[in-house]
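The lines below spell out each chain.
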Amino acid sequence: MSMSGKIREFLEVHGKPSREVYYDLENSGFVPQEVVEAMIPYFNRVGYGHPSITHRVGWEALEVIYETKELVAKTIGGVDPEEIVFTHSGTEANNLAILGYLLKNRGRGGRVVLSAIEHLSTIFPAQFASELLGFKVQLIPVDRNGLVDPELLKMYIDKDTVLVSIQAVNHEIGTIQRLKELIDVVKDMNPDAVFHTDAADGYGWIPIDVRRLGVDMMTISSHKIHGPRGVGVLYVKRDVELEPPIRGQLSVEKIWPGVENTPLIAGFKKAVEITFRDFDYRVSYVERLRDKLINGLVEKIPSVIVNGPWDEHVRYRVANNANLSFLYIEGEAVTVELSLNGIYVSSGSACTSRVLEPSHVLLAIGRKHEEAHGSILFKLSHYHREEDIDYTLDVTPKAVERLRSISSLKPS
Amino acid sequence: MDLRNIPSTCTSHPVVVLSNKLSEISRRNVDEIRIYINLDDIPINAMEFFLSRYNYYIKELKNIDGKSVFIIARRGTE
């Protein structure tokens with residue numbers, strides 16, 4: 001049987017649950033109707049041309065691309081729209097930042113410093129560049145909450161440091177880093193070191209002013225704010241020079257070849273407008289749902305651990321992140337069991353797709369392998385309703401109980 | 001704990017392994033730990049700082065080959 005045939009058969013057995021709640025916003029998400037509607041004209045009515053070609057349909061594409069650049073520039077502290085570079089994903093933006101900067105500085109040697117819990121789209125290109133271009137990569141340990149200690153960071157920065165990359169918000173455990181303090185440490189120790197932050201999970205959730213913070217490069221991802229997949233942004237401060245790590249015909253962007261995907265950029269623009277419409281209200285609304293979900297799960301299910309900042313450290317946790325380890329069961333089993341009930345989550349037991357290894361983020365904050373394997377990530381947004389949380393709090397304890405009853409893992 | 005030949009993959013980098021093991025060791029109240037580590041992976045002052053988070057201090061430090069060190073860390077009295 002073909003692969004698609006096997007998947008079709010599996011989906012038929014799974015069935016379509018009568019009620020669905022989607023929490024897997026880490027990996028992908030649904031695109032709201034108003035965002036879809038903003039994209040539709042650009043497929044065949046306006047702006048479907050190449051944005052660098054001198055005709056009306058090309059100029060229409062260029063117009064919406066620049067409108068989006070101007071909007072994004074405004075939301076991160078009023079930077080120059082020319083400092084906003086479109087890529088086709090957050091992964092590409094991180095690759096452009098790391099590889100682009102190291103390629104430009106090849107032959108110079110030196111060190112690249114990352115936190116131990118960075119996204120793999122930051123760690124892997126840094127390691128790749130170290131092998132290829134002769135840089136040394138160092139990872140800084142984090143504490144139990146995932147925070148980088150500024151005092152510890154000081155010990156990694158010297159005149160040989162060329163690039164530092166630390167996330168604004170961690171993608172798995174939701175830790176909000178003390179970015180200003182960390183950047184101040186780096187710039188005090190070495191004003192020439194460039195600071196990149198992957199803000200894919202921070203943009204739209206915490207206020208970000210790149211100039212006030214002193215950020216040199218910053219990554220944003222469209223799908224993390226309910227925009228369409230396929231749009232990433234790299235903010236590159238004017239005086240930071242990058243060399244394109246991929247080659248091809250240039251379009252609007254001079255450091256990332258390929259034609260910009262105008263319809264998706266138009267959708268991303270709408271998602272940004274929605275995200276920043278009632279910023280404070282939206283964040284506090286989601287925070288309330290998050291607290292209800294975490295407190296409810298901890299209360300109803302025995303042997304549960306909250307991963308990431310919580311209790312007295314909750315101020316360091318982003319509003320939309322709920323990551324919990326259900327002990328004595330596999331996270332993958334929980335995702336399937338919940339899926340059968342229409343609740344879609346992801347498990348921290350996989351660091352890469354289809355690899356059953358515990359996540360480096362959970363190991364780095366000191367979680368045991370079995371705790372990491374049982375972790376489940378719920379990511380919330382303003383599209384969730386109180387009833388979704390109630391439904392989740394009703395279904396999840398039963399799912400966990402059933403899986404524990406058949407699990408070979410037992411409390412020692 | 002020998003962290004000198006750990007490959008850098010998505011789950012096993014010397015610093016990730018060190019963080020994970022230290023957390024486990026401190027939970028078990030182990031009195032003394034012996035660590036081999038490459039100086040390129042973690043500077044000594046950072047190692048000292050990081051150990052102190054788990055209430056350990058460096059009792060003995062031996063340079064092995066200019067690139068790596070052997071550390072004996074003991075649990076503090078706190």
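Residues numbered from 1 in each chain as written. Chains lettered and ligands numbered in written order. Predicted model: local features only at pLDDT ≥ 70, side-chain atom pairs only at ≥ 80, totals over all residues.

Regarding its fold elements, chain B presents 2 helices and 3 strands. In chain B, the succession of helices and strands from N to C terminus is α-β-α-β-β. On C-alpha atoms alone, chain B measures out to a radius of gyration of 12 Å, which is about the 12 Å that the 2.2 N^0.38 rule sets for 78 residues. Its C-alpha atoms put chain B at 35 × 25 × 15 Å along the principal axes. For chain B, with 78 residues in total, the buried portion stands at 28%. Pairs at least 24 apart in sequence give 51% of the contacts found in chain B among residues at least 6 apart. (Helix = DSSP H or I, 4+ residues; strand = E, 2+ residues; numbered from the N terminus. Rg over C-alpha atoms; globule rule 2.2 N^0.38 Å. Buried ≥ 20, exposed ≤ 12 C-beta atoms within 10 Å, placed from the backbone. Contact = placed C-beta atoms within 7 Å.)

Helices and strands together make up the secondary structure of chain A, namely 15 helices and 13 strands. Projected onto the principal axes, the alpha-carbon positions of chain A cover approximately 60 × 55 × 50 Å. Buried positions account for 50% of the 412 residues belonging to chain A.

Residue and element names in this part refer to chain A. In this model helix H6 (residues 120-133) runs 19 Å from its N-terminal to its C-terminal C-alpha over 14 residues, within 8% of the 20 Å that 1.5 Å per residue would give. Within H6, the full set of buried residues consists of Ser121, Thr122, Ile123, Pro125, Ala126, Gln127 and Ala129. Looking at the packing, one finds that the buried side of H6 touches helix H5 (90-104), strand S3 (111-115), strand S4 (136-140), strand S5 (161-165) and strand S6 (194-198). The positive-phi residue at the C-terminal boundary of H6 is Gly134, with phi of around 80 degrees. (Expected span 1.5 Å × (residues − 1).)

Residues and elements named next belong to chain A. Pairing is mixed across the open sheet formed by 7 strands, whose spatial order is S2-S8-S7-S6-S5-S3-S4. Of all strands in the sheet, those with a lone pairing partner are strand S2 (84-87) and S4, marking the two edges. Between one strand and the next, the sheet's axes are offset by a mean angle of 20 degrees, whatever the strand orientation. Of the pairings in the sheet, the one linking strand S7 (residues 217-221) to strand S8 (residues 232-236) comprises 5 bridges and is antiparallel in character. Following the sheet pairing, Ser221 is matched in S8 by Gly232. (Pairing = 2+ DSSP bridges. Axes fitted to C-alpha atoms, helices over the stretch in contact; angles between N-to-C directions.)

Residue and element names in this part refer to chain A. Domain boundaries in chain A define domain 1 (3-30 + 279-406) and domain 2 (34-275). In this structure, domain 1 and domain 2 have C-alpha centres spaced 27 Å apart. The partner domain 2 presents 24 residues to the 26 residues of domain 1 that form the contact. At the level of secondary structure, the elements contributing two or more residues to the side of domain 1 that touches domain 2 comprise strand S10 (321-326) and helix H13 (360-364). A breakdown of the residues in the side of domain 1 that touches domain 2 according to their chemical character gives 12 nonpolar, 12 polar and 2 charged. (Domains from an automatic or database assignment. Nonpolar A, V, L, I, M, F, W, Y, C, P; charged D, E, K, R; others polar.)

Residue and element names in this part refer to chain A. Contact geometry of helix H12 (residues 331-340) with helix H15 (residues 386-406) gives a least axis separation of 10 Å together with a crossing angle of 130 degrees. The orientation of H12 with respect to H15, classified from their angle, is oblique. In this structure, H12 crosses over H15, and the sense of that crossing is right-handed. In this structure, H12 uses Ala333, Val334, Glu337 and Leu338 to contact H15, whose residues at the interface are Val395, Thr396, Ala399, Val400, Arg402 and Leu403. Its residues placed into classes, the contact of H12 with H15 shows 7 nonpolar, 1 polar and 2 charged. (Parallel < 35°, antiparallel > 145°, perpendicular 65-115°, else oblique. Left-handed = near helix turned anticlockwise from the far one by under 90°.)

This brings us to the nonpolar core. Here is a general trend for soluble globular proteins: nonpolar side chains tend to be buried in one another's company. All names here are of chain A. Judged by nonpolar contacts, the single largest core of 134 residues is most densely connected at Val233, Leu234, Tyr235 and Val334. Residues lining this core come from more than one domain, with at least three contributed by each of domain 1 (3-30 + 279-406) and domain 2 (34-275). In contact with Val334, not counting residues within four places along its chain, are Phe326, Ile329, Ser347, Ile376, Ala399, Val400 and Leu403. (Core = buried A, V, L, I, M, F, W, Y, C linked by C-beta atoms within 7 Å.)

Interface extent is often summarised as the accessible area lost during association of the parts. With 21 residues of chain A at the contact, the number on the chain B side is 19 residues. Partitioned by chemical class, the residues of the side of chain A that touches chain B number 11 nonpolar, 5 polar and 5 charged.

A separate point is the environment of Ile53 of chain A. Looking at the element boundaries, Ile53 of chain A is found in the loop between helix H3 (41-44) and helix H4 (56-75). Considered as a pair, Ile53 of chain A and Gln177 of chain A are 124 residues apart in the sequence and their alpha carbons are 42 Å apart.

Moving on to the environment of Lys67 of chain B. Residue and element names in this part refer to chain B. Structurally, the position occupied by Lys67 is in the loop between strand S2 (56-63) and strand S3 (68-75). Between the C-alpha atom of Lys67 and that of Thr11, which follows or precedes it by 56 residues, the distance is 24 Å. Once you skip the residues sitting within four places of it in the chain, Lys67 turns out to touch Asn38, Leu39 and Asp40.

Residue and element names in this part refer to chain A. In this model, His226 sits at a positive phi of 70 degrees, which is unusual for a non-glycine residue. Relative to the helices and strands, His226 is located in the loop between S7 and S8. Of the residues examined, His226 has 23 C-beta atoms within 10 Å and is grouped as buried. Positive phi, close to 55 degrees, is recorded for Ser303, a residue that is not glycine. Along the chain, the position of Ser303 falls in the loop between helix H11 (279-300) and strand S9 (304-306). Look at Ser303 and you get partly exposed, because 13 C-beta atoms sit within 10 Å.

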